[in-house]
Amino acid sequence: MKLEGIELRRIAMPLVAPFRTSFGTQTTKDALLLRAVTADGEGWGECVSAAEPLYSSEYTDASADVLRRFFVPAVREVGGAKEVGPALARFHGHRMAKAALEMAVLDAELRARGMPLSRELGAVRDRVPCGVSVGIMDSIGELLDVVGGYLDAGYVRIKLKIEPGWDVEPVRAVRERFGDEVLLQVDANAAYSLGDARRLARLDAFDLLLIEQPLPEEDILGHADLAGLVETPICLDEAITSAKAAADAIRLGACRIVNIKAGRVGGYLEARRIHDVCQAHDVPVWCGGMVETGLGRAANVALAALPWFTLPGDTSGSDRFYSTDITEPFVLADGHLPVPSGPGLGVAPIPETLEAVTTSTEWIGLR
Ligand code: SMG
Ligand code: MG
């Protein structure tokens, strides 16, 4: 495989409803897509960084900048996706940008080989059970309506975003309305401190699957301490930036469950290594989401089909966020999404739809 160049494409897509988390409210998706062009065809990557550095230190303008200045020139000679990570290893951070570049090269390579991403990664399922992430609402009544709608749509697991002041009461209300059978978990996006341990322990009464990332990204030992103060399993998201970080967090007792997001860890190949590390330690994993378009969603569904993804992921249908996706939409059937079976991602942007949401394009030639 020889890369001829990479196209960077910025798109803007309205969300069907504002998505509020402990760090902010998102109303549009400002995404960066990569198109890898090779002599044997092309491949697509999606960068999951957001417009502002609120979830993590990365943000879209910075991702585009580091790609054009450093990462794309550095992969000029790579012969395949496995070489992308090593070629970028000397550059610190910017894992979402690295992941997007690897994804584009991987898609191009697999399409040329006629190999589906799911099979390349080691998937064992042809459909995956789906959970949905529910934002912070203005009122409990509104939350119950939204959760009821998702349960009616077939979602098999509900994740509630929480923050101080929006935690015990919404969880209690959802349990009371929808019963103890609903698989339920919460995600704090680092909004708490260890001093909140007693408050978080009040969530133990509601039989949650997990509490996701209650403390700041760097606070591994804090999570280990917290694990001794609450009964609900701690799951890490932001803190798990690599397979090494996962192994360390597990050894330190900072988490009993891991959320795997390829963008956060530098790519789908590192994501698979985290899957393997967690399986070796008997730590369940599930696939996170970053409000992806159909491109990233396709890759996430392929990843979630690996054997050790034993908990439902944030792999919701396209209509959770978008009225019109840039690919054929992912549609929930009986609470599941089908794993694409075509070569590479198995999906590609619909040209007119993509054009309609594109705000800029830039070609970085390598020959
Ligand atoms: O794609 O379904 C999705 C979003 C899932 O809650 C979700 N993601 O911390 O897990 C998380 C958040 C990060 C993105 S919030 C804008
Ligand atoms: Mg999270």
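Rules used throughout
Residue numbering note: each chain is counted from 1, following its sequence as written. To label them, take the chains in the order written and letter them from A, then take the ligands in the order written and number them from 1. Reporting of local features is limited, given that this is a predicted model, to residues whose pLDDT is at least 70; pairs of side-chain atoms are given and counted only at 80 or more, and all residues count toward the totals for whole chains, interfaces and linings. Values reported for side chains reflect all heavy atoms of the structure, with hydrogen atoms and water molecules removed beforehand. Relative accessible area decides the class of each residue, using a 1.4 Å probe on protein chains only: under 20% of the type maximum gives buried, over 50% gives exposed, and in between gives partly exposed. Secondary structure follows DSSP: runs of H or I at least 4 residues long count as helices, runs of E at least 2 residues long count as strands, and numbering of each begins at the N terminus. Should DSSP find at least two bridges between two strands, the strands are taken to pair. Whether a crossover is right-handed depends on one test, that the path from the first strand over the helix to the second runs clockwise when the strands point away from the viewer. Put simply, a residue is near a molecule or strand once any heavy atom of it comes within 4 Å of that molecule or strand. Polar contact is defined as a pair of N or O atoms within 3.5 Å, subject to the rule that within protein one atom must be able to donate a hydrogen and the other to accept it, and that residues adjacent in sequence are counted only when both atoms are side-chain atoms. Using the Shrake-Rupley algorithm and a 1.4 Å probe, accessible areas are obtained, with residue cover drawn only from the displayed protein chains. Coordination partners: N, O, S within 2.8 Å of the metal, 3.2 Å for Na, K and Ca; water not considered, so apparent gaps in a site are possible. Between N-to-C directions, angles span 0 to 180 degrees; the directions come from axes that are lines fitted to C-alpha atoms, helices contributing only their stretch in contact. Each domain's extent is set by a domain assignment, obtained either automatically or from a database. Any pair of residues with heavy atoms lying within 4.5 Å of one another is described as a contacting pair. Put simply, buried area is how much 1.4 Å-probe accessible surface two parts lose in total, over both of them, once they are put together. When a carboxyl oxygen of Asp or Glu lies within 4 Å of a side-chain nitrogen of Lys or Arg, that pair is called a salt bridge. Only Phe, Tyr and Trp rings are paired, with Trp represented by its six-membered ring, and only when their centres lie within 6.5 Å; those with planes under 30 degrees apart are stacked, over 60 edge-to-face, the remainder tilted. Charges are assigned to positions over rings by a cutoff of 6 Å between ring centre and Lys NZ or Arg CZ, combined with an angular limit of 35 degrees from the ring normal.

Colleague: Help me understand the pairing of strand 10 (residues 257–260) in this model?
Modeller: Across a regular strand the side chains alternate sides, sitting on one face of the sheet and then on the other. Going residue by residue along strand 10, you find Ile257 and Asn259 tucked away on one face and Val258 and Ile260 tucked away on the opposite face as well. In this structure, strand 9 (residues 234–236) lies alongside strand 10, joined through 2 bridges in parallel fashion. From the neighbouring strand, cysteine 235 faces strand 10, where its bridge partner is isoleucine 257. A crossover links strand 9 with its parallel partner strand 10, the connecting element being helix 9 (residues 243–251), and its sense is right-handed. Bridge count for strand 10 against strand 11 (residues 285–287) is 3 bridges, and the pairing is parallel. Bridged to isoleucine 260 within strand 11 is cysteine 287.

Colleague: Got a minute to help me understand the site of ligand 1 in this structure?
Modeller: Near ligand 1 there are 20 residues, and of these Ser133, Lys159, Lys161, Asn189 and Val291 occur at the shortest range. With respect to ligand 1, the side chain of serine 133 contributes an N or O atom lying 2.7 Å from an oxygen atom. A total of 430 Å² of accessible area belongs to ligand 1 in isolation, and the protein chains cover 97% of it.

Colleague: Teacher, can you tell me more about the coordination of the magnesium ion (ligand 2) here?
Modeller: Six octahedral donors around a metal ideally subtend angles of 90 or 180 degrees, whereas four tetrahedral donors ideally subtend 109.5 degrees. Coordination of the magnesium ion (ligand 2) by the protein comes from Asp187 (OD), Glu212 (OE) and Asp237 (OD), over a distance range of 2.1 to 2.3 Å. Of note, the donors binding the magnesium ion (ligand 2) are all from one chain and are spaced D-x24-E-x24-D. Note that aspartate 187 is positioned in strand 7 (residues 183–187) and aspartate 237 in the loop between strand 9 and helix 9, a separation of 50 residues in sequence. On the basis of relative accessible area, aspartate 237 is assigned to the buried category, the value being 0%.

Colleague: I would appreciate a short explanation of the sheet that holds strand 2 (residues 24–38) in the present structure.
Modeller: By definition, the strands of a sheet pair up through backbone hydrogen bonds, in either a parallel or an antiparallel sense. Across the sheet, which stays open at both edges, the 4 strands sit in the order 3-2-1-13 with antiparallel pairing between neighbours. Where the open sheet ends on each side, the last strands, each with one partner, are strand 3 (41–47) and strand 13 (358–365). Sheet twist, expressed as the mean angle between neighbouring strand axes with direction ignored, is 20 degrees. Where strand 1 (residues 3–21) lies against strand 2, 14 bridges are found, and the strand directions are antiparallel. Considered in strand 2, the bridge of isoleucine 11 is made with alanine 31.

Colleague: What's the story with the domain arrangement of the protein chain in this structure? I'm lost.
Modeller: Size of an interface, as often reported, equals the accessible area lost when the parts are brought together. Here the domain parsing of the protein chain yields domain 1 (3–114 + 347–365) and domain 2 (119–338). If you average the C-alpha positions of domain 1 and of domain 2, the two centres end up 23 Å apart. On the side of domain 2, 46 residues touch domain 1, which itself brings 36 residues to the contact. Roughly 3400 Å² of surface becomes buried between domain 1 and domain 2 when both sides are summed, with 67% attributable to carbon and sulfur atoms. The largest share of the area that domain 1 buries against domain 2 comes from Phe19, Arg20 and Tyr55, three residues that together contribute 21% of it. Applying the counting criterion to the domain 1 and domain 2 interface returns 3 salt bridges. Arginine 20 is the partner of aspartate 138 in a salt bridge, and the nearest nitrogen-oxygen pair spans 4.0 Å.

Colleague: Is there a simple way to explain the pattern of salt bridges in this structure?
Modeller: It is possible for side chains of opposite charge to pair when their charged atoms get near one another. Following the criterion strictly, the structure yields 28 salt bridges and no others. Across the pair aspartate 334 and arginine 127 runs a salt bridge, and its minimum N-O distance is 3.8 Å. Pair noted here: aspartate 334 is in the loop between helix 12 (294–304) and strand 12 (336–338) and arginine 127 is in strand 4 (residues 127–129), with a separation of 207 residues, a long-range link. Across the salt bridge formed by arginine 264 and aspartate 237, the nearest N and O atoms sit 2.6 Å from each other. You can see arginine 264 sitting in helix 10 (residues 262–265) and its partner aspartate 237 sitting in the loop between strand 9 and helix 9, a full 27 residues away along the chain. Through salt bridges that share partners, Arg157, Lys159, Lys161, Asp187, Glu212 and Asp314 make up one connected network.

Colleague: When you look at the environment of valine 331 in this model, what are you seeing that I'm missing?
Modeller: Assignment of secondary structure puts valine 331 in the loop between helix 12 and strand 12. Residue classification places valine 331 among the exposed residues on the basis of a relative accessible area of 54%. Sequence separation between valine 331 and isoleucine 274 is 57 residues; the distance between their C-alpha atoms is 28 Å. The contacts of valine 331, once residues within four sequence positions are left out, are His336, Leu337 and Pro338.

Colleague: I'm lost on unusual backbone geometry in this one. Help?
Modeller: Where the residue is not glycine, phi is negative for most of them; where a peptide bond is considered, it is trans in most cases. In this structure, aspartate 207 takes a positive phi of about 50 degrees despite not being glycine. Here aspartate 207 is to be found in the loop between helix 7 (197–201) and strand 8 (211–212). Despite not being glycine, aspartate 282 has its phi angle at roughly 60 degrees, a positive value.

Colleague: I keep staring at the packing of aromatic side chains and nothing clicks. Help me out?
Modeller: For any pair of aromatic rings, the description rests on two quantities: the centre-to-centre distance and the angle between the ring planes. Per the stated rule, a full pass over the model turns up 6 aromatic pairs. A ring pair is formed by phenylalanine 71 and phenylalanine 91, whose centres lie 5.4 Å apart and whose planes are at 45 degrees; its orientation type is tilted. Separated by 20 residues along the polypeptide, phenylalanine 71 in helix 1 (residues 60–74) and phenylalanine 91 in the loop between helix 2 (84–88) and helix 3 (95–113) bring together distant segments of the chain. Just as phenylalanine 71 is buried, phenylalanine 91 falls in that class too. Here phenylalanine 321 and tyrosine 322 contribute two aromatic rings whose centre-to-centre distance is 6.3 Å and whose plane-to-plane angle is 55 degrees, an arrangement assigned as tilted. Taking the relative accessible area as the measure of exposure, tyrosine 322 reaches 2% and is therefore buried. Through pairs of rings, three or more aromatic residues link up here, namely Phe19, Phe321 and Tyr322. One residue, arginine 157, lies across the ring of tryptophan 286, its end atom 5.3 Å from the ring centre. Above the plane of the ring of phenylalanine 19 lies arginine 320, whose end atom (NZ or CZ) is 5.0 Å from the centre.

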